[in-house]
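Coordinate analysis (summary)
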Amino acid sequence: MRLATWNVNSIRARVARTVDFAVREHIDVLAMQEIKCTPEQFPYAEFEAAGYEVVAHGLNQWNGVAIASRVPIEDVEHAFPGMPGFAKGVEGPEQPQEARALGATVGGIRLWSLYVPNGRSLGDPHYYYKLDWLSALAEHTSASLAENPDLALALVGDFNIAPTDADNGDPAVVPGFSTHVSPPEREAFAALEAAGLQDVVRPLVPTGYTYWDYKRLRFPRNEGMRIDFILGSHAFADAVAGASIHRDERKGEAPSDHVPVVVDLDLAGPDDDDRPMIF
DNA sequence: ATGTCCCCGGTTCGGGGA
């Protein structure tokens with residue numbers, strides 16, 4: 001099975017590109033972030049014509065997450081337990097949850113398509129929201145794996161954190177002044193690993209960015225960031241047979257500012273490979 | 001160069017977000 005994650009930066013603006021990629025790369029399950037639409041607005045027809053079922057979670061023009069799959073999508077959740085909410089100028093527990101997490105079981109994997117809050121700037125209420133959100137995510141991960149240590153759990157998406165200095169090539173993102181690289185954010189990312197997850201792509205693709213700002217020629221200069229990840233439990237990681245970061249998807253007409261991250265999985269069970277066999 | 005791109009409201013532009 002082939003699993004991908006991609007912050008598409010508006011699915012309506014990029015549906016042809018997104019489906020073309022999924023078909024061309026034989027993606028079985030595609031987790032998307034920043035669909036920027038409601039389920040009513042989602043362009044289902046293009047995905048269905050290519051053989052994908054879609055579950056979408058979006059509340060308005062902001063955020064939004066979805067999963068497209070060629071295998072059945074089951075047990076959908078629109079937030080993980082304990083997920084904090086946020087609203088500008090609103091304090092306390094009455095803050096509404098945003099459309100940043102979509103959980104589903106696909107092909108025996110418990111999958112979360114995640115769009116971690118950006119943080120905006122150090123000290124901004126959104127920055128503390130980001131840290132709280134990640135802390136709750138680590139709590140949920142710990143609880144899930146405590147209940148079933150052999151769960152094939154995958155947290156995928158845009159984490160909005162560059163875990164190491166090598167993951168930041170954007171000269172505007174300055175340690176000490178910028179989000180994405182601050183010690184608390186990196187500690188929050190490490191806490192996900194401590195909860196029982198590992199970055200299954202980095203051992204196979206040690207270098208490379210997944211995002212380049214639209215501004216200031218960041219892509220031609222290759223001044224990007226590695227902020228999109230596939231984190232898996234040991235049962236998931238054991239099935240990983242390959243990985244790739246599709247840098248070319250940042251090229252051409254009207255690209256997203258992020259590119260797809262892909263893993264190939266060797267899963268137990270019946271042959272789920274839809275590619276033609278060649279002898 | 002606050003340098004781009006996307007959404008919305010309700011319209012040819014400003015605001016918000018990343």
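Residues numbered from 1 in each chain as written. Chains lettered and ligands numbered in written order. Predicted model: local features only at pLDDT ≥ 70, side-chain atom pairs only at ≥ 80, totals over all residues. Heavy atoms only, no water.

As recorded in an unreviewed UniProt entry, chain A goes by the name Exodeoxyribonuclease III, listed as coming from Microbacterium ulmi. As its UniProt record puts it under Sequence similarities (unreviewed entry), chain A is described as follows: "Belongs to the DNA repair enzymes AP/ExoA family." (UniProt positions renumbered as here; feature names shortened; annotations may be inferred.)

All right, on to the overall build of chain A then. The helix and strand tally for chain A stands at 5 helices and 12 strands. Here chain A holds 279 residues, and 58% of them are scored as buried. The contacts of chain A with a sequence gap of at least 6 include a subset with a gap of at least 24, amounting to 72%. Approximately 12100 Å² of chain A is accessible, and the part contributed by carbon and sulfur atoms is 53%. Measuring between centres, the 23 positive side-chain charges of chain A sit 10 Å from its 41 negative side-chain charges. (Helix = DSSP H or I, 4+ residues; strand = E, 2+ residues; numbered from the N terminus. Buried < 20%, exposed > 50% of the residue type's maximum accessible area, 1.4 Å probe, protein only. Contact = heavy atoms within 4.5 Å. Areas by Shrake-Rupley, 256 points an atom, 1.4 Å probe, with all protein chains shown as cover. Lys, Arg positive; Asp, Glu negative; His and termini not counted. Charge placed at Lys NZ, Arg CZ, Asp CG, Glu CD.)

All right, on to empty space enclosed by the protein then. Throughout the structure, instances matching the rule amount to 1 cavity of 30 Å³ or more. Estimates place the volume of the largest cavity at around 30 Å³. Every residue along the wall of the largest cavity is listed here: Asp199, Val201, Thr210, Arg226, Asp228, Phe229, Ile230, Ile245 and Val261. Tallying contributions element by element places strand E10 (residues 228-232) first for the lining of the largest cavity, with 3 residues. (1 Å grid on protein atoms, 1.4 Å probe; cavity = no way out; pocket = protein on both sides within 12 Å on 5 of 7 lines; lining within 4 Å. Points joined across faces, edges and corners; volume = space filled by probe spheres on them.)

With that out of the way, let us pick up the UniProt feature "domain: Endonuclease/exonuclease/phosphatase" (unreviewed entry) in chain A. Mapped onto this numbering, the UniProt entry annotates "domain: Endonuclease/exonuclease/phosphatase" (unreviewed entry) at residues 4-258. Overall, residues 4-258 shows 23% helix and 22% strand. The separation of its end C-alpha atoms is 13 Å.

All right, on to the pairing of strand E7 (residues 109-115) then. Of all 7 residues in E7, 7 are buried; the element is thus mostly enclosed. Of the two faces of E7, the one carrying Ile109, Leu111, Ser113 and Tyr115 and the one carrying Arg110, Trp112 and Leu114 are both buried. Pairing of strand E6 (residues 101-106) with E7 involves 6 bridges; the strand directions are antiparallel. Directly across from Thr105, in E7, lies its bridge partner Arg110. (Pairing = 2+ DSSP bridges.)

This part takes up the protein's contact with DNA strand B. Neighbouring residues of DNA strand B: 18 residues in total, closest Ser10, Arg12, Arg14, Lys88 and Arg120. The contact atoms of DNA strand B, taken as those within 4 Å of the protein, divide so that sugar and phosphate hold 71%. Here Arg14 contributes a side-chain N or O atom positioned 3.1 Å from a phosphate oxygen of DNA strand B. Within the side chain of Arg120, an N or O atom sits 2.6 Å from a phosphate oxygen of DNA strand B. With 3 residues, helix H1 (residues 11-24) is the single largest residue contributor to the surface near DNA strand B. When grouped by side-chain class, the residues that make up the surface near DNA strand B number 4 nonpolar, 6 polar and 8 charged. (Near = heavy atom within 4 Å. Polar contact = N/O pair within 3.5 Å; in protein donor to acceptor, adjacent residues only side chain to side chain. Nonpolar A, V, L, I, M, F, W, Y, C, P; charged D, E, K, R; others polar.)

Turning our eyes to something else, we now look at the pairing of strand E12 (residues 261-265). In terms of residue burial, E12 counts as a mostly covered element, since 5 of its 5 residues are buried. A two-sided burial pattern is seen for E12, the buried positions comprising Val261, Val263 and Leu265 on one face and Val262 and Asp264 on the other. Sheet topology note: the strand E11 (residues 240-245)/E12 ladder contains 5 bridges and is antiparallel. Looking at the pairing, Ala243 lines up with Val263 of E12.

With that out of the way, let us pick up the layout of surface pockets. Of the pockets and cavities examined, the largest pocket occupies roughly 730 Å³. The wall of the largest pocket is formed by 31 residues, among which Tyr115, Asn118, Arg120, Asn160 and His180 lie closest to the centre. Partitioned by chemical class, the residues of the lining of the largest pocket number 10 nonpolar, 10 polar and 11 charged. Taken as a whole, the second largest pocket spans an internal volume of roughly 230 Å³. Along its surface, the second largest pocket is lined by 16 residues, and Phe86, Val90, Glu91, Gln95 and Pro125 are the ones closest to its centre. For the lining of the second largest pocket, the per-class residue count stands at 7 nonpolar, 4 polar and 5 charged.

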